[in-house]
Amino acid sequence: MITAAQLRAARALLGLDQKALAALAGVSVPTIQRMEASPGNVRGNVETLSRIVEALAAAGVELLGNDQAGEGRGRGVRLKEPS
């Protein structure tokens, strides 16, 4: 699962606008807009969500779940370590 806040934060970390993320993920801009406007967890087609998460990962962002290691708790976003 990914939240709307995580999606917006991931885009911000990467310096991407909605149009750029849509192009990277191969989805439409209205799809990104709809997902970012969702309250709480993003709702949508599983394939579309997977494409967006994969595009963010390929661009260098890691999405954090509730129980992943870190200083705090809860969901979040961070840049990946350069390889």
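Before any of the text, the structure's been laid out above.
As the structure is a prediction and not an experimental result, all values here were calculated from the model. Counting starts from 1 at the beginning of each chain's written sequence and moves along it residue by residue. Side-chain atom pairs in this predicted model are given and counted only at pLDDT of 80 or more, local residue features only at pLDDT of at least 70, and totals for whole chains, interfaces and linings cover all residues. Here the side-chain values reflect all heavy atoms present in the structure, with hydrogen atoms and water set aside.

Peer 1: So what about the overall build of the protein chain? Which residues, and what values?
Peer 2: Broken down by element type, the protein chain carries 4 helices and 2 strands. Residue contacts follow a heavy-atom distance rule, with two residues in contact if any of their heavy atoms lie within 4.5 Å. Nonlocal contacts in the protein chain, meaning residues at least 24 apart in sequence, comprise 50% of its contacts between residues at least 6 apart. When the accessible surface of the protein chain is summed, it comes to about 5,200 Å², and 52% of that surface belongs to carbon and sulfur atoms. Helical segments are the DSSP runs of H or I of at least four residues, strand segments are the runs of E of at least two, and each set is numbered from the N terminus. Note that accessible areas follow from Shrake-Rupley with a 1.4 Å probe, and for residues the cover is restricted to the protein chains shown.

Peer 1: Please give an account of the nonpolar core that cites residues and values.
Peer 2: Leu 7, Leu 21, Ile 52 and Leu 56 are the most contacted members of the largest nonpolar core, which totals 17 residues. With 4 residues, helix 4 (residues 46-59) is the largest single contributor of residues to this core. Among all residues touching Leu 21, those that are not within four sequence positions of it are Leu 7, Arg 11, Ile 32, Ile 52, Ala 55 and Leu 56. Here the nonpolar core consists of buried residues drawn from Ala, Val, Leu, Ile, Met, Phe, Trp, Tyr and Cys, with membership extended through side-chain atoms lying within 4.5 Å. Classification of residues uses two cut-offs on accessible area relative to the type maximum, computed with a 1.4 Å probe and protein chains only: under 20% is buried, over 50% is exposed, and between them is partly exposed.

Peer 1: Can you explain the environment of Ala 37? Please cite residues and give values.
Peer 2: Counting through the fold element by element, Ala 37 comes out in the loop between helix 3 (29-36) and helix 4. Along the sequence, Ala 37 and Ala 4 sit 33 residues apart, while their C-alpha atoms lie 6.6 Å from each other.

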